[in-house]
Amino acid sequence: MKIGEQINDVMLDAGWGEVNPNLIATTSFADSGVSKDQIKVGSQLQLANGMTCVVTAVTDKDFTIDANPPMAGAVYKASIKLLGVEDGPDVSKYSEKPKSTGSRYQAFTCALGCFWGGELFFMRQPGVVGTSVGYTQGSINDPTYQQVCSGSTGHTEALVVTYDPDIISYDKLCHLAMDRLGENKYLLNQVGNDRGTQYRHGIYYHTPEQKEVAKAVVASFGEDCKTECLPADEFYYAEDYHQQYLLKGGQSARKKDSTVIRCYG
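Caption draft 1: Highlighting the sheet that holds strand S12 (residues 201-205). Strand order in the open sheet formed by 6 strands is S13-S12-S7-S9-S8-S14, and the pairing between neighbours is mixed. The two strands at the open ends of the sheet, each matched to only one other strand, are strand S13 (228-231) and strand S14 (235-237). Taking the axes of each pair of neighbouring strands and ignoring which way they run, one obtains an average angle of 35° across the sheet. With 4 bridges joining them, strand S7 (residues 106-112) and S12 adopt antiparallel strand pairing. Looking at the pairing, Leu112 lines up with His201 of S12.

If you want it as structure tokens, here you go:
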């Protein structure tokens, strides 16, 4: 598009993600251990994994549940006009004298284990205007997902967050990252059940100002904290299918959404 150009009748994702057919299931009353008089269409059920689902159909023998968000698949029909184009932040390696791009946005880079869940977590934060997942802190150029998963390249799964500092601060983003890790911050090369150097966690600063903040935040969790705090290195964007993976899998990315994030769709 060119500045000033308008496109009409554009369908935009409303932020609830696509309908995931894997979150719809039919089970028999016999297998579920639930009696028919306890179930009716519209009933909400709590599953063993913490997810909430809704009963969408009931027969004499079975019932169907749907764990998708109620607004999954919702879209906006809109007219879009390009008013302007702004430069993005500098996401290059750490520099004592970072170059200015003239952008009002800044970059926050971190690793929180599997990058799918971390990306969705930050997509929900007010002030975050963009996210990308990829690989950093490794020894080869342009690694593939398979190479990184082998643990042989030294990369960790990471994400770059583009944010508006007038709405959310770098300090706040650092604290959000550490809160997201929970007790995993005290584990070496591990987040949850994901183990290996490719799942090590860290905050990677781009500027001297970010360095001061990041080191103070990480240090506040004591000597037992295993979260890396290192200069940002080259960031290699992951394959397209990894980008916004959980949103595409049916999970909500709406701002301030508190729905539990499921790491694997």
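Read on, since the account is not over.
Caption draft 2: Main features of the pairing of strand S8 (residues 128-136). As judged from the 8 bridges shared by S8 and strand S9 (residues 156-163), these two strands associate in the antiparallel manner. Within S9, the residue paired with Tyr135 across the bridge is Glu157.

Caption draft 3: Examining the sheet that holds strand S2 (residues 24-28) more closely. What the 4 strands build is an open sheet, ordered S2-S5-S4-S3; its pairing is antiparallel. Of all strands in the sheet, those bounded by a partner on one side alone are S2 and strand S3 (44-46). Ignoring which end each strand starts from, the neighbouring axes of this sheet average 35° apart. Bridge count for S3 against strand S4 (residues 52-58) is 3 bridges, and the pairing is antiparallel. The residue of S4 that forms the bridge with Gln44 is Val54.

Caption draft 4: Just helix H2 (residues 115-123), in detail. When you tally the buried positions in H2, you get 9 out of 9 residues, the bulk of the element. For H2, the full list of buried residues reads Phe115, Trp116, Gly117, Gly118, Glu119, Leu120, Phe121, Phe122 and Met123. Where H2 is buried, its residues meet S7, S8, helix H3 (145-149), S9, helix H4 (170-181) and helix H6 (245-248).

Caption draft 5: Representation of the packing of aromatic side chains within the structure. Taken as a whole, this structure holds 9 aromatic pairs when the rule is applied. Taken together, a centroid distance of 3.8 Å and an interplanar angle of 10° make the contact between Trp116 and Tyr245 stacked. Taken together, the residues span a long stretch of sequence, with Trp116 in helix H2 and Tyr245 in helix H6 at a distance of 129 residues. Since its relative accessible area comes to 29%, Tyr245 is described here as partly exposed. Here the aromatic rings of Phe235 and Tyr237 are separated by 5.1 Å at their centres, their planes lie at 75°, and the arrangement is edge-to-face. With relative accessibility at 48%, the residue Tyr237 sits in the partly exposed group. A network of ring pairs unites the aromatic residues Phe108, Phe121, Phe122 and Tyr170 as a single cluster. Lys185 extends its terminal NZ or CZ atom over the ring of Phe221, reaching a point 4.7 Å from the ring centre.

Conventions adopted
- Residues numbered from 1 in each chain as written.
- Predicted model: local features only at pLDDT ≥ 70, side-chain atom pairs only at ≥ 80, totals over all residues.
- Heavy atoms only, no water.
- Pairing = 2+ DSSP bridges.
- Helix = DSSP H or I, 4+ residues; strand = E, 2+ residues; numbered from the N terminus.
- Axes fitted to C-alpha atoms, helices over the stretch in contact; angles between N-to-C directions.
- Buried < 20%, exposed > 50% of the residue type's maximum accessible area, 1.4 Å probe, protein only.
- Contact = heavy atoms within 4.5 Å.
- Phe/Tyr/Trp six-rings, centres within 6.5 Å; stacked < 30°, edge-to-face > 60°.
- Lys NZ or Arg CZ within 6 Å of the ring centre and 35° of its normal.

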